[in-house]
Amino acid sequence: MKSRPSRPSSSRPRRPGGARPSKPSGRGLASSRPGGRPAAKVPRPTARHADETPEGGGAIRLQKLLSMSGVASRRAAEVLIGEGRVTVNGVTVTTLGAKATPGVDDVRVDDRRVKAAPPARYIMLNKPKGYVTTRRDPQKRRTVMDLIGGIREYVYPVGRLDFDTEGLLILTSDGDLAAKLTHPRHDVPRVYEAIVTGVPDDETIDILRRGVYLDDRRTREAGVTRGATVHTGRIPTTKLILTLFEGRNRQVREMCAQVGHPVRTLQRVRYGSLTLRGLPVGAWRDLTTDEVEKLRESVG
Ligand code: URA
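One numbering rule holds for all chains: residues counted from 1, following each sequence as written. In keeping with the model being predicted, local features are shown solely for residues with a pLDDT of at least 70 and side-chain atom pairs are shown and tallied solely at 80 or more, while totals for entire chains, interfaces and linings include all residues.

What follows covers the overall build of the chain. Put simply, DSSP H or I for four residues or longer makes a helix, DSSP E for two residues or longer makes a strand, and each gets a number counted from the N terminus. Of the regular secondary structure elements, the chain holds six helices and 17 strands. Counting other C-beta atoms within 10 Å of a residue's own tells you its class, since 20 or more makes it buried, 12 or fewer makes it exposed, and anything in between is partly exposed; those C-beta atoms are placed from the backbone. Looking at the 300 residues of the chain, the share that counts as buried comes to 33%.

Positionally, arginine 226 belongs in strand β13 (residues 223-230). The spatial distance from the C-alpha of arginine 226 to the C-alpha of aspartate 201 is 8.9 Å, given a sequence separation of 25 residues.

Attention shifts here to helix α2 (residues 74-82). Residues lying three or four places apart along an α-helix face the same way, a consequence of the helix completing one turn every 3.6 residues. For α2, every residue scored as buried is listed here: Ala76, Ala77, Leu80 and Ile81. One side of α2 carries all its buried residues, which in axial view fall inside an arc of 145 degrees. In this structure, the buried side of α2 is in contact with α1 (62-68), β2 (86-88) and β5 (107-109). Phi turns positive, to about 75 degrees, at glycine 84, one or two residues after α2. Summarising the geometry, the arc corresponds to the directions from the helix axis toward the C-beta atoms. For the purpose of contact definition, each residue receives a C-beta atom placed from its backbone, and two residues are in contact when these atoms lie within 7 Å.

So, about the site of the ligand. The criterion for a residue being near a molecule or strand is a backbone-placed C-beta atom within 6 Å of that molecule or strand. Near the ligand, the surroundings consist of Leu161, Asp162, Thr165, Arg250, Gln251, Val252, Arg253 and Leu266. For the shell around the ligand, the leading source of residues is helix α5 (residues 251-258), giving three residues.

Let's shift gears to the sheet that holds strand β3 (residues 91-92). Two strands make a pair as long as DSSP finds a minimum of two bridges between them. Here four strands make up an open sheet; going across it, the order is β3-β2-β5-β6 and the pairing antiparallel. Taken across any chain shown, the strands that pair with only one partner, and hence form the sheet edges, are β3 and β6 (112-113). Taken together, the two bridges between β2 and β3 define a ladder with antiparallel strand orientation. If you follow valine 88 over to β3, its bridge partner there is valine 91.

Look at lysine 140: it is not a glycine, yet its phi comes out positive at around 65 degrees. Positionally, lysine 140 belongs in the loop between β7 (122-127) and β8 (156-157). Located in the positive-phi region is arginine 277, a residue other than glycine, with phi close to 35 degrees.

A few words on the pairing of β7. Judged by how many residues are buried, β7 sits mostly within the fold: six of six residues are covered. Side chains Tyr122, Met124 and Asn126 of β7 all project onto a buried face; the interleaved residues Ile123, Leu125 and Lys127 project onto the opposite face, where all are buried too. When β7 meets strand β9 (residues 166-172), the two strands line up antiparallel, connected through six bridges. Pairing of leucine 125 across the sheet is with leucine 169, part of β9. Relative to strand β17 (residues 284-286), β7 is paired through three bridges, and the arrangement is antiparallel. Pairing of leucine 125 across the sheet is with tryptophan 284, part of β17.

Here the focus is helix α3 (residues 175-182). Of all the positions in α3, only Gly175, Asp176, Leu177, Ala178 and Leu181 are classed as buried. On its buried face, α3 sits against α1, β9 and α6 (289-298).

Time to look at the environment of methionine 255. If you trace the backbone, methionine 255 turns up in helix α5. On the basis of neighbour counts, which here come to 24 C-beta atoms within 10 Å, the residue methionine 255 falls in the buried class. Sequence-distant contacts of methionine 255, that is, excluding residues within four places in its chain, are made with Leu208, Val212 and Thr219.

Among the seven residues that make up β9, seven are buried, leaving the element largely enclosed by the rest of the structure. Alignment of β8 against β9, held across two bridges, turns out to be antiparallel. Counted as the bridge partner of proline 157 is leucine 171 from β9. The sheet contact formed by β9 and strand β15 (residues 263-271) spans two bridges and is parallel. Across the sheet, the residue bridging to glutamate 166 is glutamine 267, located in β15.

In this description, a nonpolar core means buried residues of the types Ala, Val, Leu, Ile, Met, Phe, Trp, Tyr and Cys, linked to one another by C-beta atoms lying within 7 Å. Residues Ile123, Met124, Leu125, Leu169, Ile170 and Leu171 are the most contacted members of the largest nonpolar core, which totals 27 residues. Listing elements by their share of this core, those giving two or more residues are β7, β9, α3 and α6. Val71, Leu80, Ile81 and Val114 belong to the second largest nonpolar core, which has 19 residues in total.

What follows concerns the confidence of the model for the chain. Of the residues in the chain, 81% have a pLDDT of 70 or more, and the chain-wide mean is 83. A low-confidence stretch, residues 32-56 stays under pLDDT 50, and its non-local contacts, those more than four residues away or across chains, total 33 contacts. Per residue, pLDDT captures the predictor's confidence, and it can take any value from 0 to 100.

Below, the structure is given as structure tokens:
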């Protein structure tokens, strides 16, 4: 099931990374010119200002340009630059501070011209249980990609929801925004509704708030509130609402298990400024321009 309101009109042209350092992905690269040499007459690099941004049509760091174009992740692009495989206007660039202007400068990797990046895509999916959050699963289980068929852009999930977790998952082709959203430095809140076994008392709630040790590292302070308790089965269950500012592996499940209240069901209901707001389980939609802007603002 899917629903598709209009795509954001102000999406910045960005593409994800993901290629291995030694091997550009091929996306964003035009085919090799015959002869394998740079053009004899090429414009010199344009004048640059440190604070110019792509929105302003200015120069940006080469590794960012390459990652926005879908050629390689930023880190992989840095390796390509270091290996002397990147040229700007015919000149090999090996310094990481170098800049180029998308759509103006002739940027090449292994002599293949880097094409200007198409607009990025931003999707919100209400992930059902029983899907793996990945683009491809070696075990051939169903993945979240199976739920968003027909998307041409190279979108991939921002962070991860467990196989058995439901809820709000962003998928995007904007590698830069994805990296910022998942970095703990940006304090992006993720809100989860967990149904746990038993009835956690005040002291337990407080322990969860202050943090517990997972793999020898304490979880960050979290918001935790207790909702209703239901006494239908032999053992009561209680709803907990947890606001986390990090995305560690199976974090809610591990935290709750550690205080003796294992999770029965788990749903993410909010990610940053986004909420599911009526999006049915299994459905997806494009984010609006406003929603994308708010996400960007939240990570500076
Ligand atoms: N915490 C979990 O335990 N699982 C998720 O999928 C997300 C957060």
